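Letter by letter, the chains look like this.
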Amino acid sequence: MNLTLYASPMSSATPVVHALTELEVDCEIVILDLKAGEQKRPDYLAINPHGVVPTLVVDGTPLFESAAILQWLGEHYGVQRGLWPAAGTPARLEALSWSTWAYVSYGMLVNALNFAQSPNVDARLHHAPLAEEIRRRLARALDPLEARLAAQAWLLGERYSLLDLIVGSVLTHGTYCGASVQRHPRVADWLGRFAQRPVLARTWA
Ligand SMILES: N[C@@H](CCC(=O)N[C@@H](CS)C(=O)NCC(=O)O)C(=O)O
């Protein structure tokens, strides 16, 4: 299988690079200069009409959206390496549910928090009461994760999996945006253990 990833350091492409490394998948990586607007060039828009990274080109066919790419990598390379549940198992459904929850439900709140308070966003868009409400919702959203981690060390059981990388990456990004995990000690502990994965230090250093 011929794979090319269009990426940029410190971006949504980072978890995909970490996953490729964790799964030991051979993939050409093309770095786009986002500041220079390379992601808006017609040749790139032809593979990603949204003009953002990442895009993984699989045997000539583009796949965009990090969550879709990560789930696809799990399906194609994770199962044989014991890092993603096999198709048709209850654990596969759990992996799809939690990875999509992280990117869609939790990630949507993190993005909203960014708009409401980030110094990188036009201050006219800031809204302190909204930011407070979003932080409350983000904290509540972690309750089921806290309960899950009370029963097991990692998200799919006693062994680390690609699901930990996916959910852990979204939550780590969330902490940079002001979504604290400190009121959820098991989540904080799990995120700390995730941060120790050698793959996080090896790529994009
Ligand atoms: N939901 C998308 C988000 C992609 C995205 O917004 N990427 C940013 C980098 S973090 C980007 O390429 N921005 C360039 C731009 O908006 O021009 C994904 O996860 O793939």
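Note that this is a predicted model, so its numbers are computed, not measured.

Cut-offs applied
Every chain is numbered independently, its residues counted from 1 as its sequence is written. Predicted model: local features are reported for residues with pLDDT of at least 70 only, side-chain atom pairs are reported and counted for 80 or more only, and whole-chain, interface and lining totals are derived from all residues. Each side-chain value is worked out from all heavy atoms of the structure, with water and hydrogens disregarded. Near, as used in this document, describes a residue that has one of its heavy atoms within 4 Å of the molecule or strand being considered. Identification of polar contacts relies on pairs of N or O atoms within 3.5 Å, with a donor-acceptor requirement for protein atoms, meaning one able to donate a hydrogen and the other able to accept it, and with residues adjacent in sequence counted only if both atoms are side-chain atoms. To be clear on the numbers: accessible area is Shrake-Rupley with a 1.4 Å probe, and residue cover counts the displayed protein chains and nothing else. Buriedness of a pocket was judged along seven lines, with at least five required to meet protein on both sides within 12 Å; pockets are open sets of points on a 1 Å grid over the protein atoms alone, cavities are sets where a 1.4 Å probe fits but cannot get out, and lining residues have an atom within 4 Å of a point. A pocket or cavity is taken to hold a molecule when more than half of that molecule's atoms are within 2 Å of the pocket's grid points. Only Asp, Glu, Lys and Arg are considered charged in this grouping, and only Ala, Val, Leu, Ile, Met, Phe, Trp, Tyr, Cys and Pro are considered nonpolar; every other residue, Gly among them, is considered polar. Exposed residues in this analysis have more than 50% of their type's maximum accessible area, buried residues have under 20%, and partly exposed residues fall in between, with area computed by a 1.4 Å probe over protein chains only. Only DSSP runs of H or I covering at least 4 residues are called helices, and only runs of E covering at least 2 are called strands; the numbering of each starts at the N terminus. In this analysis, two residues are considered to be in contact whenever any of their non-hydrogen atoms come within 4.5 Å of each other. Delimitation of the domains relies on an automatic or database domain assignment. Buried area, as used here, totals the accessible surface that two parts lose on assembly, with accessibility defined by a 1.4 Å probe and the loss added over both. To define axes, lines are fitted to C-alpha atoms, for helices over the stretch in contact only, and angles between the resulting N-to-C directions are given on a 0 to 180 degree scale. In these notes the angle categories are as follows: under 35 degrees is roughly parallel, over 145 is roughly antiparallel, 65 to 115 is roughly perpendicular, and the rest is oblique. Each crossing gets its handedness from the near helix: less than a right angle anticlockwise from the far helix is left-handed, clockwise is right-handed.

Draft legend 1. Main features of the site of the ligand. Lining the immediate environment of the ligand, one finds Ser11, Ser12, Leu34, Gln39, Lys40, Gly51, Val52, Val53, Pro54, Glu65 and Ser66. Gln39 is positioned with one of its side-chain polar atoms (N or O) 2.7 Å from an oxygen atom of the ligand. With respect to the ligand, the side chain of Lys40 contributes an N or O atom lying 2.9 Å from an oxygen atom. For the ligand, whose free accessible area comes to 510 Å², the fraction covered by protein is 66%. Among the cavities detected, the one that contains the ligand is the largest pocket. Taken together, the residues of the shell around the ligand break down into four nonpolar, five polar and two charged.

Draft legend 2. Quick peek at helix α1 (residues 14-22). Summarising burial for α1: eight of the nine residues are buried, a large majority. Looking at α1, one finds that the buried residues are Thr14, Pro15, Val16, Val17, His18, Ala19, Leu20 and Glu22. For α1, the elements touching its buried residues are β1 (3-7), β2 (28-31), α3 (66-78), α4 (90-117), α7 (162-176) and α9 (198-202). Phi for Glu24, located one or two positions after α1, is positive at around 55 degrees.

Draft legend 3. Fine view of the domain arrangement of the chain. Partitioning the chain into structural domains gives domain 1 (3-78) and domain 2 (90-198). Once you take the C-alpha centre of each, domain 1 and domain 2 turn out to be 22 Å apart. Taken over both partners, the interface formed by domain 1 and domain 2 buries close to 880 Å², and the fraction arising from carbon and sulfur atoms is 67%. When residues of domain 1 are sorted by the area they lose upon contact with domain 2, Glu22, Leu70 and Gln71 head the list and together hold 52% of the total.

Draft legend 4. Representation of the packing of α4 against helix α6 (residues 143-151) in the model. Following both chains from N to C, one finds α4 and α6 inclined at 140 degrees, their axes separated by 12 Å at the closest point. In terms of orientation, α4 and α6 fall into the oblique class. Where α4 crosses over α6, the two elements pack in a sense that is left-handed. Touching Glu94, Trp98 and Trp101 of α4 are Pro144, Leu145 and Arg148, all from α6. A per-class count over the contact of α4 with α6 returns four nonpolar, no polar and two charged.

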